[in-house]
Amino acid sequence: MTTRERRVRCPICADEFTWPDDPTVWTYKEADDSYEHFDISGLPRVKQDDLVRNGYRQCPNPSGDASVHYLPATYADYSDPLVIGLVGAPASGKTHLLTAMIRQAYLNGLASYGISVAALDFRRHVHFREQYVKTFERGGALPGTSTGVTEAADILLLRGTTGERPVVFFDVSGEDLQSTDVRNRSARFLLGVNAVIFVHAPEDPLETGQSAEASENRAFDLAIERLRARQVPVAIAVSKSDRLRYVPPADRWLHRGDERVLSAARIHAESADVYAYLHHRGSAASLRPFEAFPRCTLHFASASGGEGFPVDPDEPEVKFFPHGFRPTRVLEPLVSILAMTGVIPGTEAEKVGRP
Ligand SMILES: Nc1nc2c(ncn2[C@@H]2O[C@H](COP(=O)(O)OP(=O)(O)OP(=O)(O)O)[C@@H](O)[C@H]2O)c(=O)[nH]1
Ligand SMILES: [Mg+2]
Ligand SMILES: [Zn+2]
């Protein structure tokens, strides 16, 4: 342990505090789903290190406005964590997109950009794998995100040429993102984000687009308003792009599959095509992030690769995918964000998202 004072902004409650330097750690007990506080000062060094690597710190939450929460005990060892939030209307496909994205990242999908991925918060990661990734791999239905969830979905550690960087992903329910109650805790993660992925879904052929558009207006506008003072880089992802697989120019991009090389010119060309598509559709709200933030990229992506089928006629929005999933271009919004936040370094990366 070091004696240097480390200031940390908690990604969960958005409070800033001095990271405690006492020789204690909290460990998670699976049996009763609880955390136990340990003094590790009497233990041999290797055991201390092991407990710190797998243990937690309780966030002191100085403003006292959140329920008890924990951060990985190694969280403050890394400078400059990247906190990425997903924003979109209910059922716009945020959770499917994030699941496909994180899964692909763990499958070494960022290797061609010189980045390897590990879990930083093992307990959170196991939960995310069990609840989301495994269900996704079976073609099962991922449930809509519960309202009132304030916790990060997963915390990854990205290792690249510029060092190690924790990446925290937030995925809350579209309903909470639309809440105008400023004390709504779920949307508070926006105070601490360094980048946002705005998610826009093309109309469901079986539903009317009317209410979805109004929801998107609210979710996007409220997020833009909250972020206005901080010019964070953003990406706009047109999710469920499998619905556009016969629609030019989306078809051309979808056929390319995953990219392997960072090219600012190619990202610019796709952004221009997505912009033209959204503009043509009259989806004014979906383009507002582009106008509000100086660095913005636009992408076509599909988490599932095709349409799902309702599991239960009473809940038509919960769908399963009997042919499994074929995620298409789900990493592209993340790669652009990594380039715009310096996780992927270099002159090419510096050009990404600029006019
Ligand atoms: N065709 C198609 N459908 C998708 C895709 N991704 C998600 N869906 C469907 O869209 C619906 C909503 O997806 P979610 O990922 O739960 O949406 P969400 O934005 O997280 O919703 P909330 O958590 O309620 O805000 C589900 O019925 C999915 O089956 C996709 O890539 N293609
Ligand atoms: Mg969700
Ligand atoms: Zn906190």
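Residues numbered from 1 in each chain as written. Chains lettered and ligands numbered in written order. Predicted model: local features only at pLDDT ≥ 70, side-chain atom pairs only at ≥ 80, totals over all residues. Heavy atoms only, no water.

> Please provide a residue-by-residue account of the packing of aromatic side chains, values included.
Applying the stated rule across the entire model yields 14 aromatic pairs. Geometrically, the ring pair formed by Tyr35 and Tyr70 is stacked, given 3.7 Å between the ring centres and 15 degrees between the ring planes. Taken together, the residues Tyr35 in strand S4 (residues 34-39) and Tyr70 in strand S6 (residues 70-72) connect sequence positions 35 residues apart. Judged by centre distance (3.9 Å) and plane angle (10 degrees), the rings of Phe136 and Phe325 are stacked. In this pair, Phe136 is assigned in helix H3 (residues 122-137) and Phe325 in the loop between strand S15 (319-320) and helix H9 (332-340), connecting sequence segments 189 residues apart. Overall, the relative accessible area of 1% leaves Phe136 in the buried class. A relative accessible area of 14% means that Phe325 is categorised as buried. Here the aromatic cluster, defined as three or more aromatic residues joined through ring pairs, consists of Trp26, Tyr28, Tyr35, Tyr56 and Tyr70. Arg252 extends its terminal NZ or CZ atom over the ring of Trp253, reaching a point 5.0 Å from the ring centre. (Phe/Tyr/Trp six-rings, centres within 6.5 Å; stacked < 30°, edge-to-face > 60°. Helix = DSSP H or I, 4+ residues; strand = E, 2+ residues; numbered from the N terminus. Buried < 20%, exposed > 50% of the residue type's maximum accessible area, 1.4 Å probe, protein only. Lys NZ or Arg CZ within 6 Å of the ring centre and 35° of its normal.)

> Please set out the domain arrangement of the protein residue by residue, giving values where relevant.
The domain boundaries assigned to the protein delineate domain 1 (7-77) and domain 2 (82-351). Between the C-alpha centres of domain 1 and domain 2 there is a distance of 29 Å. Per-residue buried area on domain 1 facing domain 2 is highest for Pro11, Ile12 and Tyr75; these three make up 35% of the total on that side. Applying the counting rule to domain 1 against domain 2 returns 2 salt bridges. With its nearest N and O atoms 4.0 Å apart, the salt bridge here joins Arg123 to Asp33. (Domains from an automatic or database assignment. Buried area = accessible area lost by both parts, 1.4 Å probe. Salt bridge = Lys/Arg side-chain N within 4 Å of Asp/Glu carboxyl O.)

> Describe H9, listing the residues and the values that go with them.
In terms of residue burial, H9 counts as a mostly covered element, since 9 of its 9 residues are buried. By the burial criterion, the buried members of H9 are Glu332, Pro333, Leu334, Val335, Ser336, Ile337, Leu338, Ala339 and Met340. Just downstream of H9, Gly342 is the residue with a positive phi angle, here 80 degrees.

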